[in-house]
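These are the residues of each chain, in order.
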Amino acid sequence: MDTTISWKELGFRYLDTGVYARADFRHGAWSAAAACSGASLTLHIAATCLHYGQSCFEGLKAFRQASGKVACFRADTHARRMMHSAQRLAMAPVPENVFLDAVRMIVAKNDAYVPPFGTGATLYVRPLLIGTSAVIGVHPSDDYAFIVFAMPVGPYYKDGMVPVRAYVQEDYDRAAPHGVGHVKAAGNYAAGLVGDIEVKQKGYPVSLYLDAATHSLIDEFGTSNFIGITRDGRYVTPKSPSILESVTNDSLRTIARDLGLKVEHRPVRWDEIEEFAEIGACGTAAVITPISSITRGDRTLRFGSEDKPGKTLQRLYDEIQGIQYGTIADRYGWMMPVG
Ligand code: PLP
Ligand code: COI
């Protein structure tokens, strides 16, 4: 292994650990996952993943806990979400046991890459499902490959949770109603790249997308769900047919209810935006990114402080991270031990 890793300096970048897991769907059945070396695939030039977008993925994390043991956060929920993605893209769903066995195998084999407790870094696990058959008429692949690889990442915020500015996308939509925005289709990310680049050039790290049909409802940020904390302490998050059901958001809603917050998971109108005292973007990679301002056209709305998160988002962040790192009891059974 690479022994030169400076855990506290890690970003969110690919790093080759030399081992990945692979299972194959052939003749209508899944093989067991096997460990593979190297990082290149041999694919047919007509594979459906390349031309017709039969590709979906997941992202989850393994944590080195205070006890020294390693555990994955809600791997079963990620397995089920990948099954939904596969069904929507007419792909062979990966059975939950195949998914979990592959994740456990790859986390165990990469134990030396699971960052030490206290560094804030984690092992990011990337499951990927692709159609591999040679197809030229538009129809689903017969065969599929399921791959799981992993690499150490983060701490996402070296200096703690630093708020960022967001910009409302008017020129591009991320996902259409009844489309594929609610699943983790690879093509969704390609669709967002041009808009994200333009917004970053204007100086905004994140884009906020509205519903494609009317641009009157809040959907989600480019790669994370929207959470608003109202002035009277309610946790409000959009329910929309075109956003990804974030595992982080689902977990934070559970924690918020336990902490006594009222949770509202419903369509959220853009014109409610000024009711929020705190806004956060939530996802596996960064957990919660506080949003200090949102710009729509020539209007900028500010939320809380520019240099630190609001107290409710900070409280939720501390609680979920405590569960993930094992300093707070896993009262919901979210952590899957490995090894
Ligand atoms: N929304 C989108 C579009 C994403 O890509 C992600 C990241 O995976 C999320 C939301 C957050 O989901 P999760 O909390 O499951 O990582
Ligand atoms: C997340 O895990 O929060 C993400 O945004 C995933 C992204 C890297 C595709």
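What counts, and at which threshold
- Residue indices begin from 1 for each chain and proceed along its sequence in written order.
- As a convention, the first chain written is A and the first ligand written is 1, with the rest following in written order.
- Reporting in this predicted model follows two pLDDT cut-offs: at least 70 for local features of residues, and 80 or more for side-chain atom pairs to be given and counted; totals over whole chains, interfaces and linings ignore these cut-offs and use all residues.
- Each side-chain value is derived from all of the structure's non-hydrogen atoms; neither hydrogens nor water enter the calculation.
- Numbering of helices and strands runs from the N terminus, with a helix taken as a DSSP run of H or I at least four residues long and a strand as a DSSP run of E at least two residues long.
- Our radius of gyration looks at C-alpha atoms and nothing else; its globule reference is 2.2 Å times the residue count to the power 0.38.
- Relative accessibility under 20% of the residue-type maximum defines a buried residue, over 50% an exposed one, and the middle range a partly exposed one, all with a 1.4 Å probe and only protein chains included.
- Contacts are residue-level and defined by heavy atoms, with any inter-residue pair within 4.5 Å sufficient.
- Method for areas: the Shrake-Rupley scheme with a 1.4 Å probe, in which residue coverage is limited to the protein chains shown.
- Positive: Lys, Arg. Negative: Asp, Glu. His and the chain ends are not part of the count.
- Here the site of a charge means NZ on Lys, CZ on Arg, CG on Asp, or CD on Glu.
- An automatic or database domain assignment provides the domain bounds reported here.
- Buried area adds together the accessible area that both of two parts lose upon being put together, with accessible area traced by a 1.4 Å probe.
- Just to be clear on terms, a salt bridge is a Lys or Arg side-chain nitrogen sitting within 4 Å of an Asp or Glu carboxyl oxygen.
- Under this definition, polar contacts are N or O atom pairs within 3.5 Å; protein pairs additionally need one hydrogen-donor-capable and one acceptor-capable atom, and for neighbouring residues in sequence, both atoms have to be side-chain atoms.
- Amino acids are sorted into nonpolar (Ala, Val, Leu, Ile, Met, Phe, Trp, Tyr, Cys and Pro), charged (Asp, Glu, Lys and Arg) and polar (every other residue, Gly among them).
- When DSSP finds two or more bridges between two strands, those strands count as paired.
- Here, a disulfide means two cysteine sulfur atoms that sit within 2.5 Å of each other.
- Think of it this way: one heavy atom of a residue within 4 Å of a molecule or strand is enough to make that residue near it.

Enquirer: Sorry, what's going on with the overall build of the protein here?
Expert: Along the backbone of the protein there are 6 helices and 18 strands. Expected size for 339 residues packed as a compact globule is a radius of gyration near 20 Å; at 20 Å, the protein falls within 12% of this value. Its C-alpha atoms give the protein principal-axis dimensions of about 55 × 50 × 35 Å. When burial is assessed residue by residue, the protein has 54% of its 339 residues classed as buried. A separation threshold of at least 6 residues defines the contact pool for the protein, and within that pool the share at least 24 residues apart is 72%. Total accessible area computed for the protein in this model is approximately 14900 Å², and 53% of it derives from carbon and sulfur atoms. Distance from the positive charge centre (35 side chains) to the negative charge centre (36 side chains) of the protein: 3 Å.

Enquirer: So what exactly am I meant to see when it comes to the domain arrangement of the protein here?
Expert: It is common to give the size of an interface as the accessible area that goes away when the parts come together. Segmentation of the protein into domains returns domain 1 (7-153) and domain 2 (164-325). For domain 1 versus domain 2, the distance between C-alpha centres works out to 25 Å. When the area that domain 1 buries against domain 2 is broken down by residue, the three leading residues are Phe57, Phe73 and Arg81, summing to 30%. Taken together, domain 1 and domain 2 are joined by 1 salt bridge. Here Arg74 ties to Asp250 by a salt bridge, and the two come within 2.7 Å at their closest N and O atoms. Our count for the domain 1 to domain 2 interface comes out at 13 residue pairs in polar contact (both at pLDDT 80 or more). For the side of domain 1 that touches domain 2, the elements supplying multiple residues, two or more each, are strand 4 (55-57), strand 5 (60-64), helix 2 (75-88) and strand 7 (122-131). The biggest single contributor to the side of domain 1 that touches domain 2 is helix 2, with 6 residues. Residues belonging to the side of domain 1 that touches domain 2 are distributed by class as follows: 11 nonpolar, 9 polar and 6 charged.

Enquirer: Hey, could you run me through the pairing of strand 5 in this one?
Expert: Consecutive side chains of a regular strand alternate in pointing toward one face of the sheet and then the other. By the criterion of burial, strand 5 is predominantly enclosed, with 5 of the 5 residues buried. Side chains Leu60, Ala62 and Arg64 of strand 5 all project onto a buried face; the interleaved residues Lys61 and Phe63 project onto the opposite face, where all are buried too. Pairing of strand 5 with strand 6 (residues 70-73) involves 3 bridges; the strand directions are antiparallel. Paired with Phe63 across the bridge in strand 6 is Ala71.

Enquirer: Is there a simple way to explain the state of the cysteines in this structure?
Expert: Disulfides are covalent bonds that link the sulfur atoms of two cysteine residues. For the structure shown, the criterion picks out 0 disulfides. Cys36 takes part in no disulfide bond, and the closest cysteine sulfur to it belongs to Cys49, at a distance of 16 Å. Taking relative accessible area as the criterion, Cys36 reaches 22% and is therefore assigned partly exposed. With no disulfide of its own, Cys49 lies closest to Cys56 among cysteine sulfurs, the gap being 11 Å. Looking at Cys49, the relative accessible area reads 13%, which means it is buried.

Enquirer: Explain the site of ligand 1 here, please?
Expert: Taken together, the neighbourhood of ligand 1 is formed by 17 residues, with Lys184, Tyr189, Ser246, Thr248 and Thr284 sitting nearest. The side chain of Lys184 places a nitrogen or oxygen atom 2.6 Å from an oxygen atom of ligand 1. At 2.6 Å, a side-chain N or O of Glu220 approaches a nitrogen atom of ligand 1. Listing elements by their share of the shell around ligand 1, those giving two or more residues are helix 2, strand 12 (224-230), helix 5 (247-258) and strand 15 (276-283). The residue makeup of the shell around ligand 1, split by class, is 4 nonpolar, 9 polar and 4 charged.

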